[in-house]
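# Structure at a glance
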Amino acid sequence: MLRFIRRHWILCLILTLVLYVAVGAVAPFIVYKTAENASQISLEDPAVFGEDQTADRVMLLETNQSAWTERIRLLDQAQDRIILSTFDMRPDESTQDILSIIQKKADQGVSVRILVDGFSGLVRMENSKLFHAVAAHPNVEIRLYNPISLLTPWTTQGRMHDKYVIVDDLAYILGGRNTFDYFIGEYDTTNNSYDREVLVYNTKCGTEESSVSSLHEVEAYFERVWNLDVCRPFHDDEALLGETQIQEWCRSLSEREKNLEERYGELFQPPDYVNMTHETEGICLLSNPTDIYGKEPVVFQQLTDLMIQAQERVIIHTPYSVLNKDMREKLTEVADQVPDTRLVINSVENGDNFFASSDYQYNKQKVIDTGLQLYEYDGGTSYHAKSIVIDDDISIIGSYNLDLRSTYVDTELMLVIKSEGLTQELLAYMDQIQQDCRKVIDRTEYEVPEHVTVAEVPAYKRILWKVVGFLMQPLRVLV
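Computed from a predicted structure; not experimentally measured.

What counts, and where the lines are drawn
Every chain is numbered on its own, with residues counted from 1 as its sequence reads. Confidence filtering applies because this is a predicted model: local features only for residues at pLDDT of at least 70, side-chain atom pairs given and counted only at 80 or more, and all residues used for totals across whole chains, interfaces and linings. As a convention, hydrogens and water are excluded, and side-chain values are obtained from all of the structure's heavy atoms. In this text, helices come from DSSP runs of H or I with a minimum length of four residues, and strands from runs of E with a minimum of two, each type numbered from the N-terminal end. Per-residue accessibility, obtained with a 1.4 Å probe over protein chains only, is compared with the maximum for each type, and a residue is labelled buried under 20%, exposed over 50%, and partly exposed between these values. Here, residues are in contact when the closest pair of their heavy atoms is within 4.5 Å. Areas reported as accessible are Shrake-Rupley estimates using a 1.4 Å probe. Residue values count occlusion only from the protein chains shown. Polar contact is defined as a pair of N or O atoms within 3.5 Å, subject to the rule that within protein one atom must be able to donate a hydrogen and the other to accept it, and that residues adjacent in sequence are counted only when both atoms are side-chain atoms. Strand pairing requires that DSSP identify at least two bridges connecting the strands. Axis geometry follows a simple rule: fit a line to the C-alpha atoms, using only the stretch in contact for helices, then measure angles between N-to-C directions, giving values from 0 to 180 degrees. Here roughly perpendicular refers to angles of 65 to 115 degrees, roughly parallel to angles under 35, roughly antiparallel to angles over 145, and oblique to all remaining angles. Just so you know the grouping, Ala, Val, Leu, Ile, Met, Phe, Trp, Tyr, Cys and Pro go in nonpolar, Asp, Glu, Lys and Arg go in charged, and all remaining residues, Gly too, go in polar. Note on aromatic contacts: the rings of Phe and Tyr and the six-membered ring of Trp form a pair at centre separations within 6.5 Å, being stacked when their planes are under 30 degrees apart, edge-to-face when over 60 apart, and tilted otherwise. Note on geometry: a ring has a charge over it if NZ (lysine) or CZ (arginine) is within 6 Å of the ring centre and within 35 degrees of the ring normal.

In this section: the overall build of the chain. Helix and strand counts for the chain stand at 14 helices and 20 strands. Principal axes of the C-alpha set define a box for the chain whose edges measure 75 × 60 × 45 Å. The 479 residues of the chain split such that 56% are buried. Expressed as a percentage of contacts within the chain between residues at least 6 apart in sequence, the contacts between residues at least 24 apart total 83%. Total accessible area on the chain is roughly 21100 Å²; 51% of this is exposed by carbon and sulfur atoms.

As a further point, take the side chain of Gln-434. In this fold, Gln-434 is placed in helix α13 (residues 420-435). Polar side-chain contacts of Gln-434 include one of 3.0 Å to the side chain of Arg-342. Ignoring anything within four residues of it in the chain, the contact list for Gln-434 reads Arg-342 and Tyr-375.

Taken together, nine strands build an open sheet; the order of strands is β11-β18-β17-β16-β12-β13-β14-β19-β20 and the sheet is mixed. Each edge of the open sheet is held by one strand with a lone partner, namely β11 (283-287) and β20 (446-447). Pairing analysis gives three bridges linking strand β14 (residues 373-377) to strand β19 (residues 437-440), with the strands arranged antiparallel. The residue bridging Tyr-375 from the neighbouring strand is Lys-439, located in β19. Contacts between α13 and the sheet are confined to β12 (313-317), β13 (340-346), β14, β16 (387-390), β17 (394-398), β18 (413-418) and β19, with β16 contributing the most and set at about 115 degrees to the helix.

The next subject is the packing of helix α11 (residues 354-368) against helix α14 (residues 459-471). Closest axis-to-axis distance for the α11/α14 pair is 8 Å, and the angle between their directions is 80 degrees. Taken together, the axis directions place α11 and α14 in an arrangement best described as roughly perpendicular. Across from Phe-354, Phe-355, Ser-357, Ser-358, Asp-359, Gln-361 and Tyr-362 in α11, the residues of α14 making contact are Lys-461, Leu-464, Trp-465, Val-468, Gly-469 and Phe-470. Its residues placed into classes, the contact of α11 with α14 shows seven nonpolar, four polar and two charged.

Glancing now at the sheet that holds strand β10 (residues 278-279). Ordered by their spatial adjacency, nine strands build an open sheet running β9-β4-β3-β2-β5-β6-β8-β1-β10, and the pairing between neighbours is mixed. The outermost strands of the open sheet, each flanked by one partner alone, are β9 (231-233) and β10. The pairing of strand β6 (residues 171-175) with strand β8 (residues 197-202) spans five bridges and is antiparallel. Among the inter-strand pairings, Leu-174 is bridged to a residue of β8, identified as Val-198. Each of β3 (111-117) and β4 (140-145) touches helix α4 (residues 118-125); the most contacted strand, β3, lies at about 95 degrees to it.

This part takes up the packing of aromatic side chains. Applying the stated criterion across every chain yields a total of eleven aromatic pairs. Measuring from ring centre to ring centre gives 4.7 Å for Tyr-32 and Tyr-408, while their planes differ by 45 degrees; the resulting arrangement is tilted. Placement of Tyr-32 in the loop between α1 (2-26) and β1 (56-61) and of Tyr-408 in helix α12 (residues 404-408) is noted, with a sequence separation of 376 residues between them. Considering the side-chain rings of Tyr-182 and Phe-183, the 4.9 Å spacing of their centres and the 90 degrees angle between planes classify their relative orientation as edge-to-face. Like Phe-183, Tyr-182 is buried. Three or more aromatic residues link up through ring pairs in this structure, and these residues are Tyr-164, Phe-222 and Trp-226. Of note, Arg-113 hangs over the ring of Trp-226, and the distance from its end group to the ring centre comes to 5.4 Å. Across from the ring centre of Tyr-446, 4.2 Å away, lies the NZ or CZ of Arg-438, which sits over that ring.

Given below as structure tokens:
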């Protein structure tokens, strides 16, 4: 009898702890906020989007290899400072390549600051000797945004989803790629994902006019996040590894960097960014609030405000679509006002987010009812790009997914770029993606190109999508 009572109380304690963590994690996000403090942006505002060429020139990084190439090329140009902010950083091959350049620059006296989301810090970095060794360098500082603590579950869901690299006042890369092999480089991984970024080159770098570049707007945003109370230093105590292990890792990274120089010498020469880039007539940075609790949907509100101003077309590319009533109403307004409105997402068979796929299966008809022409990508590799084209000259690229988490929970960045050259290039890539899409006719019917093969999915997985899609509705804000 005593044994039964003891087991009963242990079970009750476990259930209580589970409920404590689960309810605490969801509670700050139960009520959706409205974007009361979202400033309106006009495509006709000459102070932002004029007709004259600005100091910034832009280059699309469409492939994972171009993301690797331009990171190596850009980082090697650093003379004063390097800033790297990322949601997820893993000790993969591409990360070691990047860190080998960073270590060389730190040895030369360049100041390096790396900001990583706290979830990645716990799961990917805490047990990695690589990151401990890099953090021990006197010119490198690593901080984590909102490190995970289950003792305070109401703080656990606030995540930093931003991804960018800044070098001096020279240039920056911003987009949707995390920092590991799944997104960067062409290493022999089990699978990978397509994503998209933009490199912005400041033609006024090193001059008194440098401050006119959007680079300084991104850097000012970084400083605000870096100095938040929720950002805590990652380990920089040499005693955690010992001097011998640190020296071993330093030697390993140094040898890796020398090998990169030998193999890819052209990347270590001053680049001709002018000939590599398109001119712009304006760049504007959109950002969500940076606190860790429920957020006003600032980025979503500003994006839809821009879309409604379109004259001919709005094309939205996002990995998946998880919408609430307010989001659907805004997108319906866009579809009603703009002649050509398209939404391109992964098919559930092609995507890599099980929970987003489950929600989409459950709410698919509501997405269709917005009036956006819906396409599902079946190219065989998960498509992770977050991009919008408005008419012929506006490209929007960044980290924001069209889902509830990106809208109400995470920090997010999107770069609005007025550039006909960049937009035409992006449209060409979008057209290639659309060729491998099924056009949604209704909830069950599609218009399928002859060459498209939909991946086979086991029956149990389809059943799970339906079951999980139903069960997760109260928690869908965290998807």
